[in-house]
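Chain and residue survey
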Amino acid sequence: MLVNKYSLKEIYQGRLETGDDLLEELNEFVEGKEIEAGKISAIGAVQKATISYYDQETKEYNKKSFEQSLEIVNLTGHISLKDGVPILHAHIILADEEGNTYGGHLEEGTKVFASEIEVQELDNADKLRKYDECTGLTLW
């Protein structure tokens, strides 16, 4: 196990507007604040969603779209650098009106109905993503 210790630099809390693309807005916020390392969380609801699942055998992401209103049961993610640019890697769990849940990687095309977010920026963190041959992923 690889473990590092970091300090908390800043905490940002806010909300997104109805119709915003959840992933695009979060990425724009991270880039605008020049956050190189951190954590993000959110709750709320979406008008529609796109998530993906990483197939470990093919090493490809498979997308799934939902054209319905869903609750954000949980969204959690990490902010790190990839090719010198801050990126957000987030997972989301969504629930429909019957309580069925769907989860995976947050993708563009997820439109906000209402969402409250929290971004925790880490101080002096070296979160540089590197390609991992075994998984086919870029990991810290």
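In case you missed it, the structure is sitting above this.
Summarised in this report is the structure supplied together with it. (Residues numbered from 1 in each chain as written. Predicted model: local features only at pLDDT ≥ 70, side-chain atom pairs only at ≥ 80, totals over all residues. Heavy atoms only, no water.)

Thoughts on the overall build of the protein chain
Secondary structure assignment for the protein chain yields one helix and nine strands. Along its sequence from the N terminus, the protein chain presents helices and strands in the succession β-α-β-β-β-β-β-β-β-β. Taken over C-alpha atoms, the radius of gyration comes to 15 Å for the protein chain, in line with the 14 Å a tight globule of 140 residues would show. The buried share among the 140 residues of the protein chain stands at 36%. Roughly 8,800 Å² of accessible area belongs to the protein chain as shown, and the carbon and sulfur atoms make up 45% of that amount. Averaging the positions of the 14 positive and the 28 negative side-chain charges in the protein chain gives two centres separated by 4 Å. (Helix = DSSP H or I, 4+ residues; strand = E, 2+ residues; numbered from the N terminus. Rg over C-alpha atoms; globule rule 2.2 N^0.38 Å. Buried < 20%, exposed > 50% of the residue type's maximum accessible area, 1.4 Å probe, protein only. Areas by Shrake-Rupley, 256 points an atom, 1.4 Å probe, with all protein chains shown as cover. Lys, Arg positive; Asp, Glu negative; His and termini not counted. Charge placed at Lys NZ, Arg CZ, Asp CG, Glu CD.)

With respect to the pairing of strand E4 (residues 70-82)
Across eight bridges, strand E2 (residues 38-55) lies against E4 in antiparallel orientation. Across the sheet, residue Val-46 finds its bridge partner in E4, namely Leu-70. Pairing geometry for E4 and strand E5 (residues 85-95), over 11 bridges, is antiparallel. Residue pairing for E5: Asn-74 is matched across the bridge by Ile-93. The antiparallel hairpin formed by E4 and E5 contains two residues in its connecting segment, where Asp-83 sits at a positive phi of about 55 degrees. (Pairing = 2+ DSSP bridges.)

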